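# Structural characterization, general
Listed below are the residues making up each chain.
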Amino acid sequence: MLAVTYLMIGFALAYWVLHDDDGETVRQRLRQMTTENIELQKKLIASQRELQVELATSNNLAKTLTAQQDENIKLKEELVFYKNMTKR
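All of the points below concern the structure found in this document. (Residues numbered from 1 in each chain as written. Predicted model: local features only at pLDDT ≥ 70, side-chain atom pairs only at ≥ 80, totals over all residues. Heavy atoms only, no water.)

### Some words on the overall build of the chain
The secondary structure content of the chain amounts to two helices and zero strands. Relative to the globule expectation of 12 Å for 88 residues, the C-alpha radius of gyration of the chain, 35 Å, shows a markedly less compact shape. Dimensions of the chain, computed from the C-alpha atoms along their principal axes, are close to 110 × 30 × 10 Å. Here the chain, with 88 residues, has 1% of them falling under the buried criterion. For the chain, the exposed surface amounts to about 8600 Å²; the carbon and sulfur share of it is 63%. Here the chain carries 12 positive and 12 negative side-chain charges, and the mean point of each set is 13 Å from the other. (Helix = DSSP H or I, 4+ residues; strand = E, 2+ residues; numbered from the N terminus. Rg over C-alpha atoms; globule rule 2.2 N^0.38 Å. Buried < 20%, exposed > 50% of the residue type's maximum accessible area, 1.4 Å probe, protein only. Areas by Shrake-Rupley, 256 points an atom, 1.4 Å probe, with all protein chains shown as cover. Lys, Arg positive; Asp, Glu negative; His and termini not counted. Charge placed at Lys NZ, Arg CZ, Asp CG, Glu CD.)

### Considering a nonpolar patch on the surface
A surface patch of nonpolar side chains, amounting to about 610 Å² of accessible area, comprises Met1, Val4, Leu7, Met8 and Phe11. Within the secondary structure, Leu7 is located in helix H1 (residues 2–18). (Patch = residues over 30% accessible without salt bridge, like charges linked within 9 Å, V, L, I, M, F, W, Y side chains within 5 Å. Salt bridge = Lys/Arg side-chain N within 4 Å of Asp/Glu carboxyl O.)

Okay, here's the thing in structure tokens:
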């Protein structure tokens, strides 16, 4: 009998919370938070895409820099070789 009483009190409290003016405020706040959450998710996706583009660009620049440095080293070696040839 005690369990049934507690169950009835629980149902009454739930009904009171959901059908009270505060319940409507809670539902309105939930809708607002849901909308805000969707907007933030869209911003997150856009930021992730931007980050992916920046990472790809950074990787391409790093590859280009490495290639240029390698070419620079080869040119310096050739320059040293030709300087040594002209000194003889």
